[in-house]
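# Per-entry structural report
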Amino acid sequence: MVRKEDQNCRNLRFSIHPTPEQEAKLEETMETCRRLWNDLLSSRVELFDVYGLYPDSRLLEKQLKFYEYTNNIHSQVRLNVFERVQQAYFKFLDDIKNGRLKGSKPKRGTFVKREDVPVGKLSYSIPSKNSSKFIQYDGILPRGHPKFKGKEGYHSFTYKQYGNGWKLTGNKLFLSKITSKNDLIKIDINNDIIQGRPKTCTIKKEGNKWFAFVTVEIPDNPGPIIPVTMIGIDLGLESLIATSDGEFIEPPELFREAEKRLAIEQRKLARMEYGSQNYRKQKKKVNRIHRKIAKARNHFSHCLSKMLVGKYDLIVFENLKIKNLVKNSRLAKSIHDAGWSRIVQHTEYKAAEKGKTVEKVDPKNTSQICSVCGKKKKTKLKLADRVFECEHCKSSLNRDINAAVNILRKSKAYKDTVRLAGINGCEVGTTTTSSVTGLQVPTMNQQLLNLVQGRDFLRVQ
Ligand SMILES: [Zn+2]
């Protein structure tokens, strides 16, 4: 469970590499947290089921320290488990109140006894009732009720405050009660990503891998700067990005290799007997490739957005939401679009940090208008047509570059700047048409590849 970010917070994900001893402690902490979650939930259920009470949060929080087995975890981690239970429970009650969970209203005396977890010391006392009799619950909970977590059901814990239980020193991570002074956990941190003040750190296990999710508070963004360098971007169908400067950016070939590999392994999986030993093994393999691809896509998105923001003051995209309303959506394409949305998102926040502007424009007609004369095509350009031929001014352009130029021209910030500076708008974007014929080396692509290939992030074995 990852905390929701507020507006000027960012959640960053890093791989961590604990030693076997550290990993044992991470597992131990996870297990303590899971047990605490179950116990806290039990006490809530019991208070309601037996006594009909919705207890006071502050009272419950005070009782936390009586769960003695939690002494092996940091107090802030413990507090976070409590907050998660509270949050989940309040959401449940809220859902009932707002009619989202019809028929789920808990009735007293209907909860089933829970036996898997040994009876802990329940720490509240209720006058006039026999508080020495502890009941724990499991099984049949109303729909929407927070669930008790089994061994495989609890995956993360959180240090709530930087400097209070967790700390970063270079590429080393200190976690109170887990690492010792001379034995910190190695973390794959890219220092230029952390630009704000770290706040929370959530340790999460995904498959066999461990990750640290670090929330960072971003300092107030600088005021917007007047754009000098501007670019329009067409997010194409074929994983291809065309820019109004006449360049194409292509995701590394490695993606395609990994995707092919994934398809092969998935076909193998489909042929196996569901649930068999081999099936489970293959499933793990498929999941591993999935994770690798996801990681690589994320990395690519960061590199691309970083490069765009480094080079341009104004970056204009199509509004993908509107675009999707127009185009038919296939599954593959929607996955594809999720990648595009992430690129736009990453570019947006990186730009905001530098006072630069990202604008999203209505994609309507951007592929049907001639970027040289500004007139709309008489005969509609089909998806298969790669070249835009204008019947009015006889220009012949690459369709995606033409669209990218139109996208830039649609931007309000672009129009304002052109008007203020008195530039002839037509010159922007059409100056590098030589690249359309393939004469120009796509420098952005090269830069991007250099950024991306700095790490061997896509070795699928
Ligand atoms: Zn024309």
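Per an unreviewed UniProt entry, the protein chain goes by the name IS200/IS605 family element transposase accessory protein TnpB and belongs to Methanolobus zinderi.

### A short note on the overall build of the protein chain
In terms of regular secondary structure, the protein chain is built from 10 helices and 16 strands. Going through the 461 residues of the protein chain one by one, you find that 31% of them count as buried.

### Focus: the environment of Ile16
Secondary-structure assignment places Ile16 in strand 1 (residues 9-17). Judged by local crowding, Ile16 falls into the buried class, with 22 C-beta atoms found within 10 Å. The spacing of Ile16 and Ala212 is 196 residues in sequence and 6.5 Å in space, taken between C-alpha atoms. In this structure, Ile16 is in contact with Leu173, Ile185, Lys186, Ile187, Trp210, Phe211 and Ala212, ignoring residues within four places of it in sequence.

### Observations regarding unusual backbone geometry
Although it is not a glycine, Lys177 adopts a positive phi angle of roughly 70 degrees. Relative to the elements of secondary structure, Lys177 occurs in the loop between strand 6 (172-175) and strand 7 (185-187).

### A few points about the nonpolar core
A general tendency of soluble globular proteins is for nonpolar side chains to be buried together. The biggest cluster of nonpolar side chains holds 40 residues, and the ones touching the most others in it are Ile233, Ile315, Val316, Ala404 and Leu408. Taken together, the elements giving at least two residues each to this core come down to strand 10 (230-235), strand 11 (241-243), strand 12 (248-249), helix 5 (277-311), strand 13 (314-318), helix 7 (331-353), strand 14 (357-361) and helix 8 (399-410). For this core, the element with the highest residue contribution is helix 5, accounting for eight residues. Residues contacting Ile233, with those up to four places away along its chain left out, are Ile241, Thr243, Ile315, Val316, Phe317, Ala404 and Ile407.

### Here we look at the confidence of the model for the protein chain
In this model, the protein chain carries an average pLDDT of 77, and 73% of its residues clear a pLDDT of 70 or more. Least confident of the elements in the protein chain is strand 2 (residues 112-113), whose mean pLDDT is 42; most confident is strand 4 (residues 156-159), at 96. Across residues 110-139, where pLDDT falls below 50, the model places 48 contacts with residues more than four positions away in sequence or in other chains. Across residues 455-461, confidence stays below pLDDT 50; counting only partners more than four residues off in sequence or on other chains, it has 11 contacts.

### Quick word on the pairing of strand 1
Here strand 1 pairs with strand 9 (residues 209-217) via eight bridges, running antiparallel. Note on strand 9: the bridge partner recorded for Arg10 is Val216. Strand direction decides the pairing type here: strand 1 and strand 7, joined by two bridges, are antiparallel. Across the sheet, the residue bridging to Ile16 is Ile187, located in strand 7.

### So, the sheet that holds strand 4
Strand order in the open sheet made by the seven strands is 4-8-9-1-7-6-5, with antiparallel pairing throughout. Sheet topology places strand 4 and strand 5 (166-169) at the edges, where each strand pairs with a single neighbour. Direction aside, neighbouring strands of the sheet carry axes that sit 30 degrees apart on average. Bridge count between strand 8 (residues 197-206) and strand 9: eight bridges; the pairing is antiparallel. Looking at strand 9, one finds that Arg197 is bridged to Glu217.

### Things to note about the environment of Cys393
If you trace the backbone, Cys393 turns up in the loop between strand 15 (387-389) and strand 16 (396-398). Look at Cys393 and you get exposed, because 11 C-beta atoms sit within 10 Å. Expressed as a C-alpha distance, the spacing of Cys393 and Lys375, which sit 18 residues apart in the sequence, is 8.8 Å. Contacts of Cys393, omitting those with residues within four sequence positions, involve Cys370, Val372 and Cys373.

### A word on helix 8
Under the 1.5 Å per step criterion, the end-to-end length of helix 8 is 17 Å for 12 residues, consistent within 8% with the ideal 16 Å. Summarising burial for helix 8: 12 of the 12 residues are buried, a large majority. Inspection of helix 8 places Arg399, Asp400, Ile401, Asn402, Ala403, Ala404, Val405, Asn406, Ile407, Leu408, Arg409 and Lys410 among the buried residues, and these make up the whole buried set.

### Brief notes about the sheet that holds strand 12
The mixed open sheet is built from five strands, whose spatial order is 12-11-10-13-14. Whereas interior strands pair on both sides, the edge strands pair on one side only; in this sheet they are strand 12 and strand 14. By the bridge criterion, three bridges tie strand 10 to strand 13 in an arrangement that is parallel. Within strand 13, the residue paired with Gly232 across the bridge is Val316. Set on the sheet, helix 8 makes contact with strand 10, strand 11, strand 13 and strand 14; between it and strand 10 the angle comes to about 130 degrees.

What counts and what doesn't
Residues numbered from 1 in each chain as written. Predicted model: local features only at pLDDT ≥ 70, side-chain atom pairs only at ≥ 80, totals over all residues. Helix = DSSP H or I, 4+ residues; strand = E, 2+ residues; numbered from the N terminus. Buried ≥ 20, exposed ≤ 12 C-beta atoms within 10 Å, placed from the backbone. Contact = placed C-beta atoms within 7 Å. Core = buried A, V, L, I, M, F, W, Y, C linked by C-beta atoms within 7 Å. pLDDT = per-residue confidence, 0-100. Pairing = 2+ DSSP bridges. Axes fitted to C-alpha atoms, helices over the stretch in contact; angles between N-to-C directions. Expected span 1.5 Å × (residues − 1).

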